[in-house]
Amino acid sequence: MGELKGQLLTILLVLMIFGIMATAFKAMFQSATNEISNRLSEEINAAKKPAFGSFEIIFID
C-alpha cells in the first residue's frame, strides 16, 4: 500500500512540475509576443512620419 502511495505522489509531483513549467513558458512567450508587437507598431509609426527637414507640398484651390 505504501508503494502505491509513493507512485501516486510521484505522478502528482511530475504533473505539478509540468503544469508550473507550462504556465511559466506561456507567460514568457506572451511577454515576448507583446514586446515584439509593440516594437513593430513603433517602427511602423516612425516610418509613417515624415523625416526631419522634409516638406510636404499642399495644393490650394
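See the structure shown above.
Residues numbered from 1 in each chain as written. Predicted model: local features only at pLDDT ≥ 70, side-chain atom pairs only at ≥ 80, totals over all residues. Heavy atoms only, no water.

Caption draft 1: Structural detail: the overall build of the protein chain. A tally of regular secondary structure across the protein chain gives 1 helix and 0 strands. Taken over 61 residues, the protein chain has a buried fraction of 0%. A total of about 6,300 Å² of accessible surface is found on the protein chain, and carbon and sulfur atoms cover 69% of it. (Helix = DSSP H or I, 4+ residues; strand = E, 2+ residues; numbered from the N terminus. Buried < 20%, exposed > 50% of the residue type's maximum accessible area, 1.4 Å probe, protein only. Areas by Shrake-Rupley, 256 points an atom, 1.4 Å probe, with all protein chains shown as cover.)

Caption draft 2: Inspection of a nonpolar patch on the surface at higher detail. Where nonpolar side chains cluster on the molecular surface, the patch consists of Leu13, Val14, Ile17, Phe18, Met21, Phe25, Met28 and Phe29 and spans about 810 Å² of accessible area. If you trace the backbone, Phe18 turns up in helix α1 (residues 2–48). Of the residues examined, Phe18 reaches a relative accessible area of 53% and is grouped as exposed. (Patch = residues over 30% accessible without salt bridge, like charges linked within 9 Å, V, L, I, M, F, W, Y side chains within 5 Å. Salt bridge = Lys/Arg side-chain N within 4 Å of Asp/Glu carboxyl O.)

Caption draft 3: Expanded view of the pattern of salt bridges. Applying the stated rule across the entire model yields 1 salt bridge. Glu35 is paired through a salt bridge with Arg39; the nearest N and O atoms lie 3.0 Å apart. Taken together, the residues span about one helical turn, with Glu35 and Arg39 both in helix α1 at a distance of 4 residues. Classification of Glu35 by relative accessible area gives partly exposed; the value is 39%. Arg39 sits in the exposed class, given a relative accessible area of 54%.

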